[in-house]
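Observations on the three-dimensional arrangement
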Amino acid sequence: MKNKAINNGIRNIAIIAHVDHGKTTLVDAMFRQSGIFRAGQQVSERIMDSMDLERERGITISAKNCAVRWKDVKINILDTPGHSDFGGEVERALSMTNGCVLLVDSSEGPLPQTRFVLKKALEAGLSVIVVINKIDRKDARPTEVLNDVYDLFIDLGANDSQLDFSVLYAIGRDGVAMKSVEETGVDLAPLFDAILELPGPDYDPDEPFQMQVADLAYSDYLGRLAVGRIRHGNLSGKDALVRIDERNAEIPIKVNTIQVYEGLKLQDAAEVTPGDIVVLSGLEKVTIGDTICTKAAPRRLPRIRVDDPTVSMRFGINTSPMAGQEGKIVQSRQIRERLFMETLRNVAITVEETEDKDSFIVKGRGEFQMAILIEQMRREGFELTVGRPEVILKERDGQKLEPVEKLLVDSDESFMGVVTEKLAMRKGRLVNLVNNASGRVRMEFSIPSRGLIGFRDEFLTDTKGTGIMNSYLEGYEPFRGEFVSRYTGSLVADRAGRGVAYALYNLEPRGTLLVKPNDPIYEGMIVGEHNRENDIDVNPCKEKKLTNMRASGHDENIILTPVRPLTLEWAIHFVRDDEQVEVTPQSIRLRKKYLSALERRHIAGKKKGAEK
């Protein structure tokens, strides 16, 4: 940059935190204390969690923007997701900021997802404010946590200026921040003042207008909206602009409206200045990473790049006998349009078409990201089938490589043996163990990503719900060999009908059932988990034969074991390669890929013949 200038009237910050460390609650308090709500206004909690899924799960899924004012300075706040599966959201958000607030729990300290987002922030050269939150906890250990934060910064390769960060202590729920633990907090003024000490966005006053699209939105009135930070120059509605796409083509565009964030809402602006985050409408074919600049002096910015996807899943139409009964949208064309629309909003997801035209390969950063996408689609009225998540392997110099994750486990000491044994069976390696004689241990494992698919449910069962596990992608390593992901088979229905209590009662000794009496059933549907490794065909619709001769007290009162409700995450982890999950707005069912028992036997026979 030839002539560097600073816009001191603006600060663009991202808020980084692990799941459940109090980020959204702290942002709520910042809104209230900055004066964007009038006195007495009714405001819901967790304002930034705008999606139903975010409110239900208590996590941030998509990065969102808002703005507050403090001492005549506009502070644009970007709420970033805390989960590495949504890394594409993180990288887009950080491209619009100049600094960040790292929020850390005073007891748990920095956890793996914090590490992932902080690594991206340090690589982008952002200045950091560290806020140790929830210091009112009984098990708070702020001094040790601060030392852990310094260790994390050093481990991530922070430079000297980044290591010289400001430290604040906060109780986000009460809306107070302090410069030391001994102080009694009054409000969040210390946090706002620390944000103002961060550098404002820089720009070159001699450069013409230039911005990069970092996010997309949609308005029923204005159409597609492009969101980004202005790098250089001013913009007014009359300027002649071009859009430079990924092929370097310069496409003339006309901006209909220019808007900026004020609080949680957008306001029209006649002119915007360098460093501000703006929303432009009228750009119908714009994509994330495009550069918008003046027609007279078009100059392209480097496109936003995200890490490669590590997991793929096959999405297809619903081919079961119940297709079209519960959902409105069932055609492959509409599923295709929805998936490609997702790639426009989320740069971390890619979609590939297949030869059969009725299924698509979706690649992303993790099975949790895939589960969220499937859940969103079913709530929109889609019916579809999905396969088991598969890790994406690479090949380098003739050697097969696979993604490997660093897994951190916190559990009671008594569960250490079973956790270590289960992870060893999944090719995990114990690399560090910390036992503070407090009854709990912290273990660190190196494990292939495929070894973690479906492990969380087992882990919670083995640790009786008291264990905590977190992981992040460490890189690619040589393939560690095959392992068995599931030691049980499936109970597969051999005919269509409805579940009968008499039949289900007699099937209970064979395994764990997944259906209840009167549930609709079709041939090829998985009605339970077999105790043994093989699949067996069963009749869950069989009724008891009735006779005219009946002795008093001869009939039994059938009491079935309660069936665990199917969740989407459990279902996609449970299915094998020859099985699928049928997802509709009302139901989640498990099924065989080929429904006919005769067809499955033919395919199994061909496989055996090929192996010989």
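Residues numbered from 1 in each chain as written. Predicted model: local features only at pLDDT ≥ 70, side-chain atom pairs only at ≥ 80, totals over all residues. Heavy atoms only, no water.

1. A look at the overall build of the protein
A tally of helices and strands in the protein yields 15 helices and 37 strands. Counting the 612 residues in the protein, one finds 53% classified as buried. In the protein, once contacts between residues fewer than 6 apart in sequence are set aside, the share between residues at least 24 apart is 72%. Accessible area for the protein stands at about 29,300 Å²; split by element, carbon and sulfur atoms hold 47% of it. (Helix = DSSP H or I, 4+ residues; strand = E, 2+ residues; numbered from the N terminus. Buried < 20%, exposed > 50% of the residue type's maximum accessible area, 1.4 Å probe, protein only. Contact = heavy atoms within 4.5 Å. Areas by Shrake-Rupley, 256 points an atom, 1.4 Å probe, with all protein chains shown as cover.)

2. Details of the sheet that holds strand β19 (residues 291–294)
Two strands in a sheet stick together by hydrogen bonds in their backbones, pointing the same way (parallel) or opposite ways (antiparallel). The strand order across the open sheet built from eight strands is β14-β13-β19-β10-β11-β18-β15-β16, with neighbouring strands paired in antiparallel fashion. Pairing within the sheet leaves two strands with one partner each, and these edge strands are β14 (250–253) and β16 (265–268). Pairs of neighbouring strands in the sheet enclose a mean axial angle of 40°, with direction left out of account. Direction of pairing for strand β15 (residues 257–262) relative to β16: antiparallel, over a ladder of four bridges. When the sheet's bridge partners are listed, valine 260 is paired in β16 with glutamine 267. (Pairing = 2+ DSSP bridges. Axes fitted to C-alpha atoms, helices over the stretch in contact; angles between N-to-C directions.)

3. As for the pattern of salt bridges
Inspection of the entire model under this criterion finds 42 salt bridges. Two residues, aspartate 494 and arginine 495, come together in a salt bridge whose shortest N-O distance is 2.9 Å. Notably, a salt bridge pairs arginine 601 with aspartate 537, separated by 3.9 Å at the nearest N-O pair. Taken together, the positions of arginine 601 in helix α15 (residues 597–611) and aspartate 537 in strand β35 (residues 536–538) put the pair 64 residues apart, joining distant regions of the chain. Exposure remark for arginine 601: the relative accessible area of 53% places this residue in the exposed category. Through salt bridges with shared partners, a single network forms among Arg486, Asp535, Arg576, Asp578, Glu579 and Lys592. (Salt bridge = Lys/Arg side-chain N within 4 Å of Asp/Glu carboxyl O.)

4. Some details on the packing of helix α10 (residues 416–425) against helix α12 (residues 455–462)
Helix packing for two helices is described by the angle between their axes and how far apart those axes are. Two numbers describe how α10 lies on α12: the axes approach to 10 Å, and their chain directions differ by 160°. The pairing of α10 with α12 is recorded here as roughly antiparallel in orientation. In this structure, the crossing between α10 and α12 has a hand that is right-handed. In contact with Val418, Val419, Lys422 and Leu423 of α10, α12 contributes Phe455, Glu458, Phe459 and Asp462. Here the contact of α10 with α12 is built from residues that sort into five nonpolar, no polar and three charged. (Parallel < 35°, antiparallel > 145°, perpendicular 65-115°, else oblique. Left-handed = near helix turned anticlockwise from the far one by under 90°. Nonpolar A, V, L, I, M, F, W, Y, C, P; charged D, E, K, R; others polar.)

5. A look at the side chain of aspartate 105
Within the secondary structure layout, aspartate 105 lies in strand β5 (residues 99–105). A polar contact is formed between the side chain of aspartate 105 and the backbone nitrogen of serine 107, at a distance of 2.7 Å. Among the polar contacts listed, one links the side chain of aspartate 105 to the side chain of arginine 137, at a separation of 3.0 Å. (Polar contact = N/O pair within 3.5 Å; in protein donor to acceptor, adjacent residues only side chain to side chain.)

6. Comments concerning the environment of alanine 170
Following the sequence through the fold, alanine 170 ends up in strand β7 (residues 166–171). In this structure, the C-alpha to C-alpha distance between alanine 170 and serine 180, residues ten residues apart in sequence, is 9.4 Å. Aside from chain neighbours lying at most four places away, what touches alanine 170 is Val131, Ile132, Asn133, Lys134, Ile135, Val176 and Ala177.

7. Considering unusual backbone geometry
With a phi angle near 70°, asparagine 248 is a residue other than glycine that sits in the positive phi range. By secondary structure assignment, the location of asparagine 248 is in the loop between β13 (241–244) and β14. For asparagine 518, which is not glycine, the phi torsion reads 80° and is therefore positive. A residue is classified by how much of its surface remains accessible, and asparagine 518, at 53% relative accessible area, is exposed.

8. Comments concerning the packing of aromatic side chains
Per the counting criterion, the structure on display carries five aromatic pairs. Taken together, a centroid distance of 4.7 Å and an interplanar angle of 40° make the contact between phenylalanine 153 and phenylalanine 165 tilted. One end of the pair, phenylalanine 153, is in helix α5 (residues 142–155); the other, phenylalanine 165, is in the loop between α6 (160–163) and β7, with twelve residues separating them in the sequence. A relative accessible area of 8% places phenylalanine 165 in the buried class. Members of the aromatic cluster, each reached through a chain of ring pairs, are Tyr150, Phe153 and Phe165. Sitting above the plane of the tyrosine 476 ring, lysine 394 keeps its charged end 4.3 Å from the centroid. The cationic tip of lysine 400 hangs over the ring face of phenylalanine 479; the distance from NZ or CZ to the ring centre is 4.2 Å. (Phe/Tyr/Trp six-rings, centres within 6.5 Å; stacked < 30°, edge-to-face > 60°. Lys NZ or Arg CZ within 6 Å of the ring centre and 35° of its normal.)

9. Brief notes about the pairing of strand β4 (residues 73–79)
In terms of residue burial, β4 counts as a mostly covered element, since seven of its seven residues are buried. Of the two faces of β4, the one lined by Val73, Ile75, Ile77 and Asp79 and the one lined by Lys74, Asn76 and Leu78 are each fully buried. Looking at chain direction, strand β2 (residues 10–17) and β4 are connected through six bridges and run parallel. Note that in β4 the partner of isoleucine 10 across the bridge is lysine 74.

10. Comments concerning the environment of asparagine 557
Among the secondary structure elements, asparagine 557 is positioned in the loop between β35 and α14 (568–574). You can call asparagine 557 exposed: its relative accessible area is 68%.

11. Some words on the packing of helix α8 (residues 332–345) against helix α9 (residues 367–379)
Running from N to C, α8 and α9 cross one another at 130°; their axes reach a closest spacing of 12 Å. Compared by their axis directions, α8 and α9 come out oblique. With respect to the hand of their crossing, α8 and α9 are arranged in right-handed fashion. Residues Ile335, Arg338, Leu339 and Glu342 of α8 pack against Leu373, Gln376 and Met377 of α9. Considering only residue class, the contact of α8 with α9 consists of four nonpolar, one polar and two charged.

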